[in-house]
Amino acid sequence: MAALQIKDVPPDLHKRARKRAENLDLTLGEYVLTLIRRDLQRNEVREWREQLLKRPVVSIPDGLVLELIREGRGEQD
């Protein structure tokens, strides 16, 4: 497994991060990895959303959605 070293962390930031990690019952390293993973997931969601928005818009005829919902619920007209 690779190692990561962060230099020049301001003392106040280090203290607050260490305290937050302790409150979550994590080591500082575990806490930082959690933050990195969370951030990378957000980027994946952003990329997914961008790809989705590039897809062509599908036009659904008026009333079809309601008809399909009623059909799925087993409702009759």
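See the structure shown above.
Residues numbered from 1 in each chain as written. Predicted model: local features only at pLDDT ≥ 70, side-chain atom pairs only at ≥ 80, totals over all residues. Heavy atoms only, no water.

*Asks:* A description of the overall build of the protein should follow, citing residues and the corresponding values.
*Replies:* Of the regular secondary structure elements, the protein holds three helices and zero strands. Order of helices (α) and strands (β) in the protein, N terminus to C terminus: α-α-α. Along the first, second and third principal axes, the C-alpha atoms of the protein reach 65 × 30 × 25 Å. Buried residues in the protein amount to 4% of all 77 residues. Accessible area of the protein: about 7900 Å², with a carbon and sulfur share of 53%. Distance between charge centroids for the protein: 9 Å, based on 15 positive and 14 negative side chains. (Helix = DSSP H or I, 4+ residues; strand = E, 2+ residues; numbered from the N terminus. Buried < 20%, exposed > 50% of the residue type's maximum accessible area, 1.4 Å probe, protein only. Areas by Shrake-Rupley, 256 points an atom, 1.4 Å probe, with all protein chains shown as cover. Lys, Arg positive; Asp, Glu negative; His and termini not counted. Charge placed at Lys NZ, Arg CZ, Asp CG, Glu CD.)

*Asks:* Tell me about unusual backbone geometry, residues and numbers included.
*Replies:* Positive phi is not limited to glycine here, since Asp8 has a value of about 60°. Secondary-structure assignment places Asp8 in the segment before α1 (11-23). With a relative accessible area of 77%, Asp8 lands in the exposed category. Located in the positive-phi region is Asp25, a residue other than glycine, with phi close to 60°. Of note, Asp25 is situated in the loop between α1 and α2 (28-54).

By themselves these figures say nothing about function.
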